[in-house]
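Each chain is listed here by its residues.
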Amino acid sequence: MNHQTSIVTDTQRQHFRTYGFVVFRRLFTADEIERYGQALERALRRVRGDADFDGQTRQEVMPIIEEDPQVFYPLLDDARLLDVVDGLLGEGSLYTGGNDGNLYVGDTRWHADGGGLHAYATMKTAFYCDPVVEGKGCLSVIPGSHHPEYSRQLHQAVQDSIFDIHSADVPGRTPLESTPGDVVAFDHRLWHSSWGGRVGRRMFTFNWAAYPKLAWEETWLYGYLMRVNQRYGKRTFTDRLMETAGPRRKQKIAKLYEMGL
């Protein structure tokens, strides 16, 4: 079966390549996302030692799927999500962890994940468990800024004090409003931020990469994922994740196990 044609259109693929993002509206139901949101809240409360969230700073835990495998593991077998990923990155695409769960506070300054200058296609899928709109916590992006040359120019603009990473007033800023059930897919190299929004708004992510076809891509991917493991002080790809996997999840993670991750 060709999964790429089941959800992702040619127009969406071209949009992703050109601008670096696509929003898939109502891919899941609001009730499904609320179930994930409640699991996220329970997990973060456990991490806080059952204390209430103080709302002073963002709280993050990674990987969120290991905090509640019964709820989150099946999402890695869900054809709707995997069809999106395969449609944008290719059917051999890989799940690369980096799966964080968050309670957000305040603004998030402009940044590009992973430095923004590498030439290897990696992607984040974000699930917002609460409605987010312009000025109230939704993701903002600079379309096309995932292209290395544009990204280099933005880095230079930051150094030259032309681009203030702490300001929403940036030419071309595009807000991606989201309702629970939407999936926001964007290239890791895309410059993004968020502004405003209520304290404690919930969001979790899954990260992906195109299958490495060249030696340098595999070397880059290995180094990147080792840094992720080191950052969080834990192994991203557990034995349980593989042992409970369906066929498509196995395809998404087998290469990483072969690489010793």
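First, a word on scope: everything that follows refers to the structure included in this document. This one's a predicted model, so the numbers in the text were calculated from it and none came from an experiment.

What counts, and where the lines are drawn
For every chain, the first residue of the written sequence is number 1, and numbering continues from 1 onward in sequence order. Only residues with pLDDT of at least 70 are given local features in this predicted model, and only at 80 or more are side-chain atom pairs given and counted; all residues enter the totals for whole chains, interfaces and linings. As a rule here, side-chain values come from all non-hydrogen atoms in the structure, and water together with hydrogens is ignored. Helix numbers and strand numbers start at the N terminus; a helix is a DSSP run of H or I with at least 4 residues, a strand a run of E with at least 2. All radius of gyration figures rest on C-alpha atoms, and the globule criterion is 2.2 Å times the number of residues raised to 0.38. Burial here depends on accessible area, computed with a 1.4 Å probe over protein chains only, as a share of the maximum for the residue type. Under 20% is buried, over 50% is exposed, and the range in between is partly exposed. In what follows, a contact means two residues having at least one pair of non-hydrogen atoms within 4.5 Å. The definition of a polar contact used here is a pair of N or O atoms within 3.5 Å, where within protein one atom must be able to donate a hydrogen and the other to accept one, and adjacent residues in sequence count solely through side-chain atom pairs. The rule for pairing is simple: two strands pair if DSSP sees at least two bridges between them. Two rings belonging to Phe, Tyr or Trp (six-membered ring only in the last case) form a pair when the distance between their centres is within 6.5 Å. Interplanar angles under 30 degrees mark stacking, angles over 60 mark edge-to-face geometry, and anything in between is tilted. Axis definition: a line fitted to C-alpha atoms, over the contacting stretch in the case of helices. Angles run 0 to 180 degrees between N-to-C directions. Left-handed describes a crossing whose near helix is turned anticlockwise from the far helix through less than a right angle; right-handed describes the clockwise counterpart. Nonpolar residues are Ala, Val, Leu, Ile, Met, Phe, Trp, Tyr, Cys and Pro. Charged residues are Asp, Glu, Lys and Arg, and all others, Gly as well, are polar.

Turning our attention to the overall build of the chain. Regarding its fold elements, the chain presents nine helices and 11 strands. Taking 2.2 N^0.38 as the reference for a compact globule, 261 residues should give roughly 18 Å; the C-alpha atoms of the chain span a radius of gyration of 18 Å, in line with that estimate. With respect to the three principal axes, the spread of C-alpha positions in the chain is 50 × 45 × 35 Å. Out of the 261 residues belonging to the chain, those deemed buried represent 54%.

Along the chain, Arg-80 turns up in helix α5 (residues 79–89). Given the relative accessible area of 26%, Arg-80 is considered partly exposed. When the C-alpha atoms of Arg-80 and Ser-6 are compared, they prove to be 8.8 Å apart, with 74 residues separating the residues in sequence. Leave out the neighbours within four places in its chain, and Arg-80 touches Ile-7, Leu-27, Phe-28 and Glu-32. In this structure the side chain of Arg-80 is engaged in a polar contact, spanning 2.8 Å, whose partner is the side chain of Glu-32. A polar side-chain atom of Arg-80 sits 2.8 Å from a polar atom in the side chain of Asp-78.

The next subject is the pairing of strand β11 (residues 201–209). Of all nine residues in β11, nine are buried, a share of seventy percent or more. With burial as the criterion, each face of β11 is covered, one bearing Arg-201, Met-203, Thr-205, Asn-207 and Ala-209 and the other bearing Arg-202, Phe-204, Phe-206 and Trp-208. For strand β3 (residues 94–97) and β11, the ladder comprises three bridges, and the chain directions are antiparallel. In the sheet register, Gly-97 faces β11, and the bridge partner there is Asn-207. Here strand β4 (residues 101–104) runs beside β11; their pairing, made up of four bridges, is antiparallel. Across the sheet, the residue bridging to Tyr-104 is Arg-201, located in β11. One ladder, built from seven bridges, connects strand β6 (residues 122–128) with β11; its direction is antiparallel.

Below, the discussion takes up the packing of aromatic side chains. Across all of its chains, the model carries 18 aromatic pairs by this definition. With a centroid separation of 6.4 Å and an interplanar angle of 75°, the aromatic rings of Tyr-120 and Trp-216 are classed as edge-to-face. Placement of the pair is Tyr-120 in the loop between β5 (108–111) and β6 and Trp-216 in helix α7 (residues 215–232), with a sequence separation of 96 residues. Aromatic ring contacts, followed pair by pair, group Phe-28, Tyr-36, Phe-72, Tyr-95, Phe-127, Phe-204, Phe-206, Trp-208, Phe-237 and Tyr-257 into a single cluster.

Here the focus is the packing of helix α2 (residues 10–19) against α5. Each pair of packed helices can be summarised by the angle the axes make with each other and by the distance between the axes. Here α2 crosses α5 at 65°, and the two axes come no closer than 9 Å. Seen along the crossing, α2 lies across α5 with a hand that is right-handed. Of the residues in α5, those in contact with Gln-12, Arg-13 and Phe-16 of α2 are Gly-87, Leu-88 and Leu-89. A per-class count over the contact of α2 with α5 returns three nonpolar, two polar and one charged.

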